[in-house]
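Examination of the molecular architecture
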Amino acid sequence: MSIRTTTTIKTRLVVLLAGTALAVTGCTSNTPTAAETPIPAGEAVTMTDAWVKAAEEGMSAAFGELANTSDQDVTVISARTAASSMLELHETVENDAGEMMMRQIEGGFVIPAGGALTLEPGGNHIMLMNLTAPLKAGEDVTFTLTLMDESTFEFTAPVKDYSGANETYEGDMDMDDMDMEMGSDN
Amino acid sequence: MDAPGTSRRSAGSTRRQFLLGGAVVGVGAAAAIGIDYALTHTTTPASPPSVPLNGAEVVPFHGAHQAGIDTDAQAHATFIGIDLHADVVRDGLRRMMRILTDDAARLTQGIPALADSEPELAHAPARLTITFGFGPGFVTRAGGPRPTWLGPLPPFAIDRLQPEFSDGDLLLQVASDDPLTVAHATRMLLKDTRSFGTVRWTQHGFRHAHGTFAPGTTMRNLFGQVDGTTNPTPGTTDFDTVVWATSGWLTDGTSAVIRRTHMNLDKWDRLDRPGREQSVGRTLSNGAPLTGNNERDEPDFAATTAIGFPVIPEFSHIRRARSDNPIERIFRRGYNYDHSPPDGQISDSGLIFVSFQADVDTQFTPIQQRLAELDLLNEWTTPIGSAVFAIPPGCDQGGYIGDTLLS
């Protein structure tokens, strides 16, 4: 499979985006402004209903609902796991041809203050690009997310058999079961 | 399972709660109101019903015993026997049971399973229970001590067993008052079983619909007979003694005998009402013994007719099933089946006989032996499938079904 990543996350961009999100939230939040020392973002994040798609080799994806209990937006910058040598944070977007394509999200996942971000097939997900071993149904996989303040959050997800989550990867030329999804950025 | 993915939440409301939780900004608020309206609009009837809908009724999953045994029998049930793949050993069994337990813990509470591709079908459990049983092959692969009774029953002269309705390594019993819920839960469980085994047999059964009769009413089979009167009552010491095992990894578990019994309705049609009542020893009108007036009256096997014959014939079903040995008792929880008839016939009907007992050899087999030797009902009934499973105990929130065997 030829996988071509579209971008590499630029740290400066992440900081910029996180700052913007904070400003927006600050205008409209009902929470009174508190002058407390901000807690590490990793302590404000929760993950529920996490799971990973079973796969023999190659790629897989992780899903679940990330929530943010703090009054500031939290940005997930990167993810790592022993199950894959390379992970990306993906979004699914419509391309110029009206097709839904997945691609690495610029600036990472933003979990809104006091809100949640759903990772689901056909939407945002954590992409395992290069499995180090087969992911067998019923195993547990531990992930570590790095957040914008460099704190981390760890969660464990069971592996489940799942026939969906076959999103076309932007730039992917080799998906056998997709015929119309030639990458648009070549 | 102890994975974070098992955290509980109320069905279907998480996203709405988040959206209304004060975190919505600007134009998002309008969108959130739209979503909230769409959700409540589709789930709330125009005028609320005066009684809670049965679809919302939930049977607890976690506990000392698995649900679906002492649970008042739901209207619909699907039984599935699964053959394990050759390469599945102890580690695979553990992985499978953790996944299936998590599915069951969610679905029975009205929560979609993880990776449930039809989550909306999970929102009305209607007393859904999912019960797991282990066949001899499962226990052997797990390396656990195998109960002496766990294996095929001894052959009975009346048996015409078909492999496609017999044996199996893993049992799934999926029961609910809503057949759509049964179908969805079954499909979800089987999707998660595919890596570990193949479906050997499937049996669909039904009773009267929910709401037709008061809970606890003894069921009727397709012969029209009241079927199951002498069952011990769940919640009593008597029931506990009959049903729950008390030693080893099976403590608080039990055993299940599932026998598919074909009922020849065409032949039964030729038998008139007195003959039908004599064959079983009970009246058809209310199930009372032929010596009594009410269903629960104790039969008087000594009573004789004016010319000296027993009122309840020696060859009747209840006379042959009854033992003087108090150990020889079982708890029945069967279902009717009624499928498409073969060419030239008008019915293919019968009973999915299901019984739970602490020990098959000492409780079930002597009864079946007596019935096989002499029971007038054998004229109209034929066992065509037979399987025995060990039903492990329930589990708590951190555990999984089978953990007493596999951990």
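Reading the values: the criteria
Residues numbered from 1 in each chain as written. Chains lettered and ligands numbered in written order. Predicted model: local features only at pLDDT ≥ 70, side-chain atom pairs only at ≥ 80, totals over all residues. Heavy atoms only, no water. Helix = DSSP H or I, 4+ residues; strand = E, 2+ residues; numbered from the N terminus. Buried < 20%, exposed > 50% of the residue type's maximum accessible area, 1.4 Å probe, protein only. Contact = heavy atoms within 4.5 Å. Areas by Shrake-Rupley, 256 points an atom, 1.4 Å probe, with all protein chains shown as cover. Core = buried A, V, L, I, M, F, W, Y, C linked by side-chain atoms within 4.5 Å. Expected span 1.5 Å × (residues − 1). Polar contact = N/O pair within 3.5 Å; in protein donor to acceptor, adjacent residues only side chain to side chain. Pairing = 2+ DSSP bridges. 1 Å grid on protein atoms, 1.4 Å probe; cavity = no way out; pocket = protein on both sides within 12 Å on 5 of 7 lines; lining within 4 Å. Points joined across faces, edges and corners; volume = space filled by probe spheres on them. Salt bridge = Lys/Arg side-chain N within 4 Å of Asp/Glu carboxyl O.

1. Focus on the overall build of chain A
A count of helices and strands for chain A gives one helix and eleven strands. Scanning chain A from its N terminus toward the C terminus, one meets helices and strands in the order α-β-β-β-β-β-β-β-β-β-β-β. Scored against the burial criterion, the 186 residues of chain A give a buried share of 48%. Restricting to contacts in chain A with at least 6 residues of sequence separation, those with at least 24 account for 68%. Total accessible area computed for chain A in this model is approximately 9100 Å², and 51% of it derives from carbon and sulfur atoms.

2. Comments concerning the nonpolar core
Counting residues in hydrophobic clusters, the biggest one holds 63 residues, and the most contacted among them are Met96(B), Met97(B), Ile130(B), Phe132(B), Phe138(B) and Leu170(B). With seven residues, helix H3 (residues 90–107) of chain B is the largest single contributor of residues to this core. In this structure, Met96(B) is in contact with Leu84(B), Phe138(B), Leu170(B), Thr193(B) and Phe196(B), ignoring residues within four places of it in sequence. In terms of nonpolar packing, the next biggest core, distinct from the first, is built from 32 residues, Val76(A), Leu119(A), Leu131(A) and Phe153(A) among them.

3. Some remarks on helix H10 (residues 360–373) of chain B
All names here are of chain B. Under the 1.5 Å per step criterion, the end-to-end length of H10 is 18 Å for 14 residues, consistent within 8% with the ideal 20 Å. Of all the positions in H10, only Val 360, Gln 363, Phe 364, Thr 365, Ile 367, Gln 368, Arg 370, Leu 371 and Ala 372 are classed as buried. Where H10 is buried, its residues contact helix H6 (237–243), strand S5 (254–263), helix H9 (317–321), strand S8 (348–357) and strand S9 (381–391). Between a side-chain oxygen at the N-terminus of H10 and the backbone nitrogen of Asp 361 the separation is 2.8 Å; the capping residue is Asp 359.

4. Quick word on the side chain of Arg98(B)
Mapped onto the fold, Arg98(B) is located in helix H3. Engagement of the side chain of Arg98(B) in a polar contact is seen with the side chain of Asp140(A), the distance being 3.1 Å.

5. Topic: the pairing of strand S2 (residues 129–134) of chain B
Residues and elements named next belong to chain B. The buried count for S2 comes to six of six residues, which makes it a mostly enclosed element. Burial along S2 is two-sided: Thr 129, Thr 131 and Gly 133 facing one way and Ile 130, Phe 132 and Phe 134 facing the other are all buried. Where S2 lies against strand S3 (residues 170–176), six bridges are found, and the strand directions are antiparallel. Counterpart to Ile 130 in the pairing with S3 is Val 174.

6. What to know about the layout of surface pockets
All names here are of chain B. The space that makes up the second largest pocket amounts to roughly 1000 Å³. Along the wall of the second largest pocket there are 46 residues; nearest its centre are Thr 230, His 317, Ala 321, Arg 332 and Leu 371. Of all the secondary-structure elements, those providing two or more residues to the lining of the second largest pocket are S5, H9, S8, H10 and S9. Looking at the lining of the second largest pocket element by element, the count peaks at four residues for H10.

7. Details of the environment of Ala113(B)
Residues and elements named next belong to chain B. In this structure, Ala 113 sits in the loop between H3 and S2. Its relative accessible area of 6% is what places Ala 113 among the buried residues. Residues Ala 113 and Gln 203 lie 90 residues apart in sequence; the distance between their C-alpha atoms is 23 Å.

8. Side note on the pattern of salt bridges
Using the criterion set out here, one finds 19 salt bridges over all chains in the structure. Across the pair Glu295(B) and Arg296(B) runs a salt bridge whose closest N-O atoms are separated by 3.9 Å. The network of salt bridges with shared partners includes Asp49(A), Asp102(B) and Arg106(B).

9. Focus on helix H5 (residues 179–191) of chain B
Residues and elements named next belong to chain B. In a regular helix each residue adds 1.5 Å, so 13 residues correspond to 18 Å; H5 covers 18 Å between its end C-alpha atoms and thus fits that length. Of all the residues in H5, the buried ones are Thr 181, Val 182, His 184, Ala 185, Thr 186, Met 188, Leu 189 and Lys 191. Capping of H5 at its N-terminal end is provided by Asp 178; its side-chain oxygen lies 2.8 Å from the backbone amide nitrogen of Leu 180.

10. Some thoughts on the side chain of Asn231(B)
Within the secondary structure, Asn231(B) sits in the loop between strand S4 (197–206) and H6. Residue Asn231(B) is classed as buried on the basis of its relative accessible area of 18%.

11. A short note on the environment of Asp169(B)
Residues and elements named next belong to chain B. With respect to the element layout, Asp 169 can be found in the loop between helix H4 (136–142) and S3. Residues Asp 169 and Thr 198, spaced 29 residues apart in sequence, show a C-alpha to C-alpha distance of 10.0 Å. Sequence-distant contacts of Asp 169, that is, excluding residues within four places in its chain, are made with Ile 82, Asp 83, Leu 84, Gly 133, Phe 134, Gly 135, Gly 137, Phe 138, Arg 141 and Phe 389. In this structure the side chain of Asp 169 is engaged in a polar contact, spanning 2.8 Å, whose partner is the backbone nitrogen of Leu 84.

The values are spatial; any link to function lies outside them.
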